Amino acid sequence: MLLLPPPLPARFPSIQLSSPITRLHVSLQTSIHTAAAATAAEASISLSIDKDKDRNRYGDEDDDQSDVLSLHKRRYDFTPLLNYLSRSNSESDSDSDSASPTSLDPIEFQLAESYRAVPASLWHSLLKSLCSSSSSSSSSSINLAYAVVSWLQRHNLCFSYELLYSILIHALGRSEKLYEAFLLSQRQTLTPLTYNALINACARNNDHEKALNLMSRMRQDGYQSDFVNYSLIIQSLTRSNKIDSSLLQKLYGEIECDKIEVDGQLLNDIIVGFAKANDPSRAIKFLAMAQAIGLNPKTATLVAVIYSLGCCGRIAEAEAVFEEMKGTGLKPRTRAYNALLKGYVKAGSLKDAELVVSEMERSGVSPDEHTYSLLIDAYANAGRWESARIVLKEMEANNVQPNSFVYSRILASYRNKGEWQRSFQVLREMKSNGIQPDRHFYNVMIDTFGKYDCLDHAMDTFDRMLSEGIKPDTVTWNTLIDCHCKAGRHGRAEELFEEMKERGYSPCTTTYNIMINSFGEQERWDNVKSLLGKMQSQGLLPNIVTYTTLVDIYGKSGRFSDAIECLELMKSAGLKPSSTMYNALINAYAQRGLSEQAINALRIMRADGLKPNLLALNSLINAFGEDRRDVEAFAVLQYMKENDVKPDVVTYTTLMKSLIRVDKFHKVPAVYEEMILSGCTPDRKARAMLRSALRYMKQTVKS
DNA sequence: CTCAACGTCA
């Protein structure tokens, strides 16, 4: 029952073809997917959905590529239909109503008859091509696609219009036409098919917020989302680095609750998701789950797990996964070695880092840019600049171009070691190697100068950056503004903030945090409030840093009720208070000698499940000290020793201060002594404290 | 493997 192409209606012989239509004509000629689809058009619908899913999972190859397995080559020419529809489309409202087949003109009727035998899969392909055509006239081809659907509906030519709509939405989503997909979806009430298509479209276009919203609306409507959508959403969240563990746990909860099938891909996505969300424990849990049902995770999945373990300092486990990977016959490649290397570099085990690289060499795996920069990081952090430089040379020898990134890492580690003067040398060396510094490098350089109070150098660097045609970004502005604040030049900082906005950069949350801190230090509370309003009207929500800054600045000015209010506000906004935030509060009480309130804040902190760390305890010592309760201050020291919190130079300095506060000068030297015995290196403040105690002692002896 | 900028102690 081979079908001939439908006869071209004689009345449309030579209509001018617009280019997208011509292309469609060509691409549709061989688009029958299977023989079954051709012989049983209606039955093929579910089949073609499944095939779609498979394709989505494993790649993005063009839907309309020829299927070599196709037994029959069928040719349908859709040109007359498309011409007819695009003409009537432009003449009148295309989809005004589709209800009156009786009033059809005979031309249209004849046209419909000629397409009566076209299998559904071919209509689907036609719609997909119309939606994905990327020509400038894309909106008209989308209208055309919609017109095709309406037309099919009018003539009862294709079963399941819901499916056709979802195909349209799906195809639009794949062609980055999310907006059009939404417009289209509004023409129909959402059904599971269209929901799925729309969620799929959002996830593909990295609009995970909309995707998640739709997902929960879908659940509210009593429909189940399919596992492809979960995969796509998790992938999208992972891609954009917006993934966090609790969100992923919630998603998995839904999957479990709805008993949604979890295939290998979804498991891989979940594992990678948890790994990227810095939750290697859960990643490992799911890894074990995959292995228990006989699935072998992909190499990339294992690499992500190794990397996240390394980042958390769980090197032993990272190494175990790495070894396991080798055990299952997978040969680790550069990325896997890099992931492992990252762990050792992070932990500062230079020896192991070197071992990894030499094992790479032994196994014939060539190091790449990342390998070298990690190694350079490791040497630079250890202060071994010469070794870092040798690695640079080695990079060049192995034809791996050292880029600006590597140099900015070197610059950053000089900065962290306090050797900011080296910046010029790094810049010189880099330029002599023919590497042009990029924005990132300049940002680090500005930050370095800013951190060491060289504001002029910082501004010079900024100007130089501009003169080299490198556009600053928000980070550049934030760095500049903040270093002026840190230097106490709040006026200049505010000017820069204004300048930033004048030049068309919109402040981000970090910018607002910096400025809120600045106004807070100046006790300009109205300005603080107006900044908070501005940021929210811009759609930026205060984050944990914002709230901590507020608690800090209000607390330090003695506005405790405002500080507490911020803390409560943050909790009601659904953010979990951090230790840093409680420390800021405890410190605020401590500085005013309000030891009872400090203790109370510590209690609330505990009740929130946070363990007081060294900083909190040091503040508590300060609270007792300032409140002339030196005995309790030393009790805290005792507590620290018993609870595995190692006292530091600040601890002992604060204790000495509390002794001085109650005139027990003679006890100070012993504390200083103990500090040295416990392995703390005295700094300027510690020595100054001892000196002033000695001075007071002399005075009391004299008098 | 996107790196760089913002919050807590003497």
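Thresholds, definitions, all that
Residues numbered from 1 in each chain as written. Chains lettered and ligands numbered in written order. Predicted model: local features only at pLDDT ≥ 70, side-chain atom pairs only at ≥ 80, totals over all residues. Helix = DSSP H or I, 4+ residues; strand = E, 2+ residues; numbered from the N terminus. Buried ≥ 20, exposed ≤ 12 C-beta atoms within 10 Å, placed from the backbone. Domains from an automatic or database assignment. Contact = placed C-beta atoms within 7 Å. Nonpolar A, V, L, I, M, F, W, Y, C, P; charged D, E, K, R; others polar. Axes fitted to C-alpha atoms, helices over the stretch in contact; angles between N-to-C directions. Parallel < 35°, antiparallel > 145°, perpendicular 65-115°, else oblique. Near = placed C-beta within 6 Å. Core = buried A, V, L, I, M, F, W, Y, C linked by C-beta atoms within 7 Å. Expected span 1.5 Å × (residues − 1). Arc of directions from axis to C-beta. pLDDT = per-residue confidence, 0-100.

**Some words on the overall build of chain A**
Secondary structure summary: chain A contains 38 helices and 0 strands in total. Buried positions account for 41% of the 703 residues belonging to chain A.

**A closer look at the domain arrangement of chain A**
As assigned here, chain A comprises domain 1 (556-634) and domain 2 (647-703). Put simply, the middle of domain 1 and the middle of domain 2, counted by C-alpha atoms, are 25 Å apart. Every contact between the two is made by 11 residues of domain 1 and, on the other side, 11 residues of domain 2. For the side of domain 1 that touches domain 2, the secondary structure elements donating two or more residues are helix H34 (614-626) and helix H35 (630-642). Of the residues assigned to the side of domain 1 that touches domain 2, the class counts are 5 nonpolar, 3 polar and 3 charged.

**Some details on the packing of helix H28 (residues 509-521) against helix H29 (residues 525-537)**
Remark: H28 packs on H29, axes separated minimally by 9 Å, with the N-to-C direction vectors making an angle of 170 degrees. Here H29 runs roughly antiparallel to H28, going by the angle between their axes. Residues Thr-509, Tyr-512, Met-515, Ile-516, Phe-519 and Gly-520 of H28 touch H29, and the partners they reach there are Asn-527, Val-528, Leu-531 and Met-535. Among the residues making up the contact of H28 with H29, the classes are represented as 7 nonpolar, 3 polar and no charged.

**Brief notes about the protein's contact with DNA strand B**
Asn-513, Thr-548, Asn-583, Asn-618 and Thr-653 are the nearest of the 47 residues found near DNA strand B. It is helix H32 (residues 579-591) that provides the largest number of residues to the surface near DNA strand B, a total of 7 residues. Class assignment of the residues belonging to the surface near DNA strand B gives a composition of 14 nonpolar, 23 polar and 10 charged.

**A closer look at the nonpolar core**
Ranked by size, the top nonpolar core spans 183 residues in total, and within it Leu-127, Val-148, Leu-168, Val-305, Ile-306, Leu-585 and Leu-620 carry the most contacts. Considering every element that reaches this core, the biggest residue donor is helix H7 (residues 138-154), with 9 residues. Per-domain counts for this core show at least three residues from each of domain 1 (556-634) and domain 2 (647-703). With residues up to four places along the chain from it excluded, the contact list for Leu-168 reads Leu-127, Cys-131, Ala-145, Tyr-146, Val-149 and Leu-184.

**A short note on helix H33 (residues 595-607)**
The end-to-end C-alpha distance of H33 is 18 Å, a good match for the 18 Å that 13 residues give at a rise of 1.5 Å each. For H33, the set of buried residues is Ser-595, Ala-598, Ala-601, Leu-602 and Met-605. Down the axis of H33, the smallest arc covering the buried residues is 115 degrees, so these residues share one side. In H33, the exposed residues that point more than 90 degrees away from the buried face are Glu-596, Arg-603 and Ala-607. In this structure, the buried side of H33 is in contact with H32 and H34. Where H33 terminates, the next one or two residues include Gly-609, which has phi positive at roughly 80 degrees.

**Some thoughts on the packing of H28 against helix H30 (residues 544-556)**
Remark: H28 packs on H30, axes separated minimally by 10 Å, with the N-to-C direction vectors making an angle of 5 degrees. With respect to their mutual orientation, H28 and H30 come out roughly parallel. Contacts between H28 and H30 involve Thr-509, Tyr-512, Asn-513, Ile-516, Asn-517, Gly-520 and Glu-521 from the first element and Val-545, Thr-546, Thr-549, Leu-550 and Ile-553 from the second. Of the residues in the contact of H28 with H30, the class split is 5 nonpolar, 6 polar and 1 charged.

**Concerning helix H8 (residues 161-174)**
Given a rise of 1.5 Å per residue, 14 residues ought to cover 20 Å, and the 20 Å separating the end C-alpha atoms of H8 matches this to within 8%. By the criterion of burial, H8 is predominantly enclosed, with 11 of the 14 residues buried. Directly beyond the C-terminal end of H8, a positive phi value near 60 degrees is found at Glu-176.

**Topic: the confidence of the model for chain A**
Looking at chain A as a whole, the pLDDT averages 84, with 86% of positions reaching at least 70. With pLDDT under 50 throughout, residues 93-99 is counted as low confidence; its partners more than four residues away or in other chains account for 11 contacts.

**Notes on the environment of Thr-79**
Within the secondary structure, Thr-79 sits in helix H4 (residues 79-91). On the basis of neighbour counts, which here come to 17 C-beta atoms within 10 Å, the residue Thr-79 falls in the partly exposed class. Distance from Thr-79 to Gly-343, taken between C-alpha atoms, is 60 Å for residues 264 residues apart in sequence.

**A word on the environment of Leu-615**
Along the chain, the position of Leu-615 falls in helix H34. Residue Leu-615 is classed as partly exposed on the basis of its C-beta count, with 18 C-beta atoms lying within 10 Å.

**Quick word on the environment of Ile-169**
Positionally, Ile-169 belongs in helix H8. Judged by the 30 C-beta atoms lying within 10 Å of it, Ile-169 falls in the buried class. Separated by 390 residues in sequence, Ile-169 and Arg-559 have C-alpha atoms that sit 55 Å apart. Setting aside anything within four residues of it in sequence, one finds Ile-169 in contact with Ala-181, Leu-184, Ser-185, Thr-194, Ala-197, Leu-198 and Ala-201.

**Focus: unusual backbone geometry**
Its identity as a non-glycine residue notwithstanding, Arg-628 has a phi of 60 degrees, on the positive side. Within the fold, Arg-628 resides in the loop between H34 and H35. When the 15 C-beta atoms within 10 Å are taken as the criterion, Arg-628 is described as partly exposed. A positive phi is found at Asp-663, a non-glycine position, where the angle reads about 65 degrees. Residue Asp-663 is classed as exposed on the basis of its 12 C-beta neighbours within 10 Å.

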